[in-house]
Amino acid sequence: MSSNNPFRIDNNVKRPPRDLRKVAPQVPAVDLQIQQRMSKVKFKIAVMSGKGGVGKSFVSSNLAMALAAQGKSVGIVDVDFHGPSVPKMLGVRGQALVADDKGIVAVEGPFGVKVVSIDFLLPKDDTPVVWRGAIKHTAIKQFLGDVNWGELEYLIVDMPPGTGDEALSVAQLVPNLTGFVVVTIPSEVSTLAVRRSITFARTVNVKILGVVENMSYFVCPSDGSIHYIFGENKGKRMAEEMGVPLLGQIPIDPEIASANDQGEPFFMRYAGSQTAKVFLSIAEALIKSTAG
Ligand SMILES: Nc1ncnc2c1ncn2[C@@H]1O[C@H](COP(=O)(O)OP(=O)(O)O)[C@@H](O)[C@H]1O
Ligand SMILES: [Mg+2]
């Protein structure tokens, strides 16, 4: 074997004393930056579900507004890179992310909620984001570490569906993740998928703060009768069976759908509605459970 074989171990080489050796950095710089930024955020709550289209983004956005309406300083980070919906639901689509010497400046949404989403960076409405997991991991790092979040009481993370790359990245990257809020609709198909999310949360050792049952019932506008479109209380029962709190039940309501579609922040536009009250009580429950 030639003497300049790089893999050769030469036991005769004199090593410097231990204290003089350069200490290898334990934490890469970017992670330190995440640690620093996130140390100023008291509670970090990720909103997840087993499935798409159940209302995660609607719940995240309105929960952020409900917390802010109760005087909390709130940020929301949208890590659904393939279907970013938070800017639209908060009525701040079309704004741009800018940077100054302290980092990326979040867009200011209703009630002063700080908003960060890939949507602010896409040139056109039909631009797809075609990224593999590793790139999304890097983007999540940047959203957490490069944005000047400042001092916040709550950071809400709006997740894509399921327990894939982004969920793992969020669980790994957010230091002291306070917990998950799990959204379901009261159908077997959704509750089955949500059971997987709950098991995922337990696997990664993150607390489940509770379940939000969305699209629970429909109130007929002509006679006020209640119709259970997907099933009655199936999300509630699933929460009981899994031993997690039910945070609230939200009706299926054409006004919710149209406010979201028109980019009008629902909680603000329909501040007196029953649904806005449900969001306030979910926010209160979370404030209580994070304080305790
Ligand atoms: N309670 C509700 N009543 C009526 N429409 C709703 C309700 N919740 C969500 N939606 C609508 O359903 C669609 C999916 O909601 P979204 O929050 O984007 O789901 P997800 O983030 O889970 O994919 C959106 O068009 C939204 O406006
Ligand atoms: Mg969504």
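Structure's up top.
Before going into details, it helps to say that this report is about the structure given with it. Treat the numbers as computed from the prediction; the structure is a model and nothing was measured.

1. Details of the pairing of strand β8 (residues 179-184)
Within β8, 5 of the 6 residues are buried, which leaves the element mostly enclosed by the surrounding structure. Relative to β8, strand β1 (residues 41-48) runs parallel, the two being bridged by 4 bridges. Within the sheet, the bridge partner assigned to Ile45 lies in β8 and is Gly179. Bridge analysis of β8 against strand β9 (residues 208-214) gives 5 bridges, and the strand direction is parallel. Of the residues in β9, the one forming a bridge with Thr184 is Glu213. On the question of chirality, the crossover connecting β8 to the parallel β9 by way of helix α6 (residues 188-203) is right-handed.

2. Focus on the nonpolar core
Counting residues in each nonpolar core, the largest one holds 80 residues, and the members touching the most others are Ile45, Val47, Ile156 and Val157. With 8 residues, helix α2 (residues 56-69) is the single largest residue contributor to this core. Residues contacting Ile156, with those up to four places away along its chain left out, are Ile45, Val47, Ser60, Leu63, Ala64, Val74 and Ile76.

3. Focus: the sheet that holds strand β7 (residues 152-158)
Overall, mixed pairing links the 8 strands, which are arranged β5-β6-β2-β7-β1-β8-β9-β12 in an open sheet. Each of the sheet's edge strands pairs with one partner strand only, and the pair in question is β5 (107-108) and β12 (246-250). In terms of strand pairing, strand β2 (residues 74-78) meets β7 through 5 bridges, oriented parallel. Its bridge partner being in β7, Ile76 is matched across the sheet by Ile156. Of the strands in this sheet, β1, β8 and β9 are in contact with α6, which crosses β8 at around 170 degrees.

4. A closer look at the site of ligand 1
Inspection of the region around ligand 1 gives 17 residues, with Gly55, Lys56, Ser57, Phe58 and Asn260 positioned closest. Those elements that provide at least two residues to the shell around ligand 1 are α2 and α8 (254-262). For the shell around ligand 1, a count of residues per class yields 7 nonpolar, 8 polar and 2 charged.

Criteria and cut-off values
Residues numbered from 1 in each chain as written. Chains lettered and ligands numbered in written order. Predicted model: local features only at pLDDT ≥ 70, side-chain atom pairs only at ≥ 80, totals over all residues. Buried ≥ 20, exposed ≤ 12 C-beta atoms within 10 Å, placed from the backbone. Helix = DSSP H or I, 4+ residues; strand = E, 2+ residues; numbered from the N terminus. Pairing = 2+ DSSP bridges. Right-handed = clockwise from strand over helix to strand, strands pointing away. Core = buried A, V, L, I, M, F, W, Y, C linked by C-beta atoms within 7 Å. Contact = placed C-beta atoms within 7 Å. Axes fitted to C-alpha atoms, helices over the stretch in contact; angles between N-to-C directions. Near = placed C-beta within 6 Å. Nonpolar A, V, L, I, M, F, W, Y, C, P; charged D, E, K, R; others polar.

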